[in-house]
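Spelled out, the chains give:
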Amino acid sequence: MLAVAGLVASGVTGATASAAPVDEACPWVGSTAPVEHRVDQVLSRLTQAEKLGLVHGSGGLLDVLNPTTYAGIVKAFPRLCIPQLSLSDGTAGVGGGKTGVTQLPAPNSLAAAWDRGLAAEYGDVVSAEMRGKGANVALGPTLDLARDPRAGRSYETLGEDPELTGALAVPQIRAIQGNGLIAQAKHLAAYNQEALRDTPLGNAVVDERTLQEIYLPAFEDAVRDGDVDSVMCGYNFVNGVHACNNTYLLSQVLKGQFGFDGFVTSDWFAMHASVAAANAGLDMQMPGSCYFGTRLKAGLDAGQVRASRLDDMVRRILRPMFARGIFENPVTGTPDAVVTSPAHAAVARGVAEQGTVLLKNEQNVLPLPASGSVAVIGNAAGAGVLGSGGGSAHVLAPSIVTPYQGIAARAGGQVSFDDGGDRARAASVAKAAGTAVVFVAKWSSESKDNGDIALSDADNKLIEAVSAANPNTVVVLNTGGPVTMPWLNQVRGVFAAWYPGQEYGNAIASLLYGDTNPSAKLPITFPTGLDQVPAKDFARFPGGQYSEGLAVGYRWYDQQKLNPLFPFGFGLSYTDFSVAGLTAGPVAADGTVSVGVDVTNTGTRAGAEVAQLYLSHPASDGEPPRLLKGFEKVQLNPGETKRVRFTLDARAFSHWDSTLHQWIRSAGDYTVSVGDSSRHLPLTSSVRVPTTIATSVPTPPAPQGAPTGGDSVSGILANLVSCPDEALFTGLTGLTSLLGLPPGPQATIPPANP
Ligand code: NOJ
């Protein structure tokens, strides 16, 4: 959608097959024939039973968390040299309770870095470690948006904006697939809450335009720009039809409109139909077999599912297996292998440094003076540290460098510590130091949404007590997303560190002392309170009515003229930047618009700035006031200026027309705004678009025989009788959304308080 000059290429374009000798029994292995030909060769020799064996997993509930195996396995077929598919979480490193892996910062920390090159490095680490563990399908990245800050999996998203999400997902996908793995983008679509997931009450009621403009574009980027091999459908229902048997999402949009030729996997125990799921476009059941084993066979035998559909499912699975070299270059690692390395830890540290957002720095309380004394306050600086959020994206660290350890190792002056358990004592420790840094944390997890966005009372009171004792107080937030800050006016500094992974302590010390100049920007709005958020009423969250429509994230705050606590795109630095010389347009013959802007470091330290480009449509398009359409991070020495160039294509100026079911670029006057946050856009320029054109094909109609809902009543009853364990697990998924999971262990070597 948007090409930016100087875009960092991930440097990976697909695995090359090693020149394996052609096996006479399996001539498709090591063959240089086109993928499609090799797929045909295999397909023509598969029996129906073998085909059915390729479209489902072979595991049960407990395998998901069993560190000696994988979240999902599709068994090998040695007769035809078809290797096993081993599917592994997660989105922030290898999950599933495996040890010997690197705990990377959470995806929303990566998003806060606004850096495509770093996203490629992140994907490289994830896929190298998965490979080392013997997995060949990486279950990520997550492309769901952080619609509401209470969502349990907000930390696992790339923020609240579709453009930022797509831009950072693509280099990750390319990196994963470049390492010879299959990436699985998830969860299609509008899966934005945990409450009552996998039940008909977890139903997103969302209009077509909102789906197309907000919740689907990152998947389109993943398909068109990332060439993603597989997609996971979500736990939620969408407009009354479960996402995993949703013809509109799977067949009309993903496969039809976007041209996706890979396979769709069900989220774990997310199947509510067998015949209808196959006919709607689902290609693989996970982690078990019943719906797409016994029940699908019954559907085929009864003529309810065509044999050609089963062939299509198998074809879609074999295609990426050939494209990624999985036949020729099989993974050889094992679940117990140690795959972390100093190089991977360095990436974890780099992401934490680049992704930690400086939100406040009054009276230059930061960077800390090299030899001043520091009081480190709070259990979250020691044993209570959270390197990773919970659920399938949870990753075990070999050990976590705690903030106290990192600061103690870096500081030139005296460092004291108090765990904050006794506020009066903590205040007196803080008072005796030059600066007090208070560390607080809030747990967030898959399976349960948070009831609020407040820190605990104890943490808020601790911050108040410390800041009353020492005016030079800095707060570091170790949370899955936005929290309220009732004490904001009493403290001089605030960092949002998210769940920063195993190198947290080193990264935060580097930022506090100015060895790293902060450059991160918020990928999600921080509201003043829940009364400001787009889905504030129960009907919207967790009720599932997406009646805020297009006004998600900053679009809402702009539309409603609300002043959030900290806006989307905001983040401070220890130097200053200015932007000047904006040029935009005119519209070229190919429909593109060139935009240029000079970014200057006007301060005294080297640092990076993110130039952000927002577009305003003519009022008649009915868009929220401003939409992010481009960003570029530039590294600048003091006094240095660089010209940043963006190319907006015709699609960037388009809106979704729900009558025509396609993207339309309207004629009219658009405004291009550039600055360093969604609320600080000092430069604007007008672009006149002369003609109205369609910029996409319309969404194709449903394929013949595709369902509009789930299985028939008799089919559902037969499913229940044949697959009682699947139904039980499905029910359990909904139940855990009410109960939640406890905080997982953060490291195999637990961090201790000093
Ligand atoms: C459920 C989660 O929603 C999904 O993201 C994950 O990949 C699977 N479980 C497998 O663990």
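Treat the numbers as computed from the prediction; the structure is a model and nothing was measured.

Draft legend 1. View of the overall build of the chain. Along the chain, the regular secondary structure elements total 19 helices and 28 strands. The C-alpha atoms of the chain give 26 Å as radius of gyration, which agrees with the globular expectation for 754 residues (27 Å, within 12%). Considered along the principal axes of its C-alpha atoms, the chain spans approximately 80 × 60 × 55 Å. Within the chain, the proportion of its 754 residues that are buried is 64%. The contacts in the chain between residues at least 6 apart in sequence include a share of 78% that link residues at least 24 apart. Accessible area of the chain: about 24,700 Å², with a carbon and sulfur share of 55%. Of the charged side chains in the chain, 52 are positive and 67 negative; the average position of the first set lies 1 Å away from that of the second.

Draft legend 2. Representation of the pairing of strand E12 (residues 374-377) in the model. By the alternation rule, side chains of E12 split into Val374 and Val376 and Ala375 and Ile377, which are all buried. Here E12 pairs with strand E15 (residues 435-441) via four bridges, running parallel. Paired with Ile377 across the bridge in E15 is Val438. As paired elements, E12 and strand E14 (residues 415-418) share four bridges and run parallel to each other. Counted as the bridge partner of Ile377 is Asp418 from E14.

Draft legend 3. Representation of the pattern of salt bridges. All told, the structure shown has 38 salt bridges when counted by the stated rule. Between Glu446 and Arg153 there is a salt bridge, with the nearest N and O atoms lying 3.2 Å from each other. Taken together, the residues Glu446 in the loop between E15 and helix H15 (457-469) and Arg153 in the loop between strand E4 (137-138) and helix H5 (162-178) connect sequence positions 293 residues apart. Given the relative accessible area of 9%, Glu446 is considered buried. Via salt bridges that share partners, Arg153, Glu156, Glu194, Arg197 and Glu446 belong to a single interconnected network.

Draft legend 4. Structural context of the side chain of Arg295. Secondary-structure assignment places Arg295 in helix H10 (residues 294-301). One polar contact links Arg295 to Asn719, side chain to side chain, over a distance of 2.7 Å.

Draft legend 5. Spotlight on the packing of aromatic side chains. On inspection of all chains with the given rule, the structure shows 15 aromatic pairs. On the basis of an interplanar angle of 70 degrees and a centroid distance of 5.4 Å, the ring pair of Tyr215 and Tyr546 is categorised as edge-to-face. Residue Tyr215 is found in helix H6 (residues 208-215), and its partner Tyr546 is found in the loop between helix H16 (504-512) and helix H17 (554-560); the two are separated by 331 residues along the sequence. Of the residues examined, Tyr215 reaches a relative accessible area of 4% and is grouped as buried. With a centroid separation of 5.1 Å and 80 degrees between ring planes, the pair formed by Phe653 and Tyr670 is classed as edge-to-face.

Draft legend 6. Quick peek at the site of the ligand. Taken together, 12 residues are adjacent to the ligand, and Asp89, Arg153, Lys186, His187 and Asp267 come closest. In this structure, an oxygen atom belonging to the ligand sits 2.3 Å away from a side-chain N or O atom of Asp89. Here Lys186 contributes a side-chain N or O atom positioned 2.9 Å from an oxygen atom of the ligand. For the ligand, whose free accessible area comes to 290 Å², the fraction covered by protein is 97%. Considered class by class, the residues forming the shell around the ligand number five nonpolar, two polar and five charged.

Thresholds, definitions, all that
- Residues numbered from 1 in each chain as written.
- Predicted model: local features only at pLDDT ≥ 70, side-chain atom pairs only at ≥ 80, totals over all residues.
- Heavy atoms only, no water.
- Helix = DSSP H or I, 4+ residues; strand = E, 2+ residues; numbered from the N terminus.
- Rg over C-alpha atoms; globule rule 2.2 N^0.38 Å.
- Buried < 20%, exposed > 50% of the residue type's maximum accessible area, 1.4 Å probe, protein only.
- Contact = heavy atoms within 4.5 Å.
- Areas by Shrake-Rupley, 256 points an atom, 1.4 Å probe, with all protein chains shown as cover.
- Lys, Arg positive; Asp, Glu negative; His and termini not counted.
- Charge placed at Lys NZ, Arg CZ, Asp CG, Glu CD.
- Pairing = 2+ DSSP bridges.
- Salt bridge = Lys/Arg side-chain N within 4 Å of Asp/Glu carboxyl O.
- Polar contact = N/O pair within 3.5 Å; in protein donor to acceptor, adjacent residues only side chain to side chain.
- Phe/Tyr/Trp six-rings, centres within 6.5 Å; stacked < 30°, edge-to-face > 60°.
- Near = heavy atom within 4 Å.
- Nonpolar A, V, L, I, M, F, W, Y, C, P; charged D, E, K, R; others polar.

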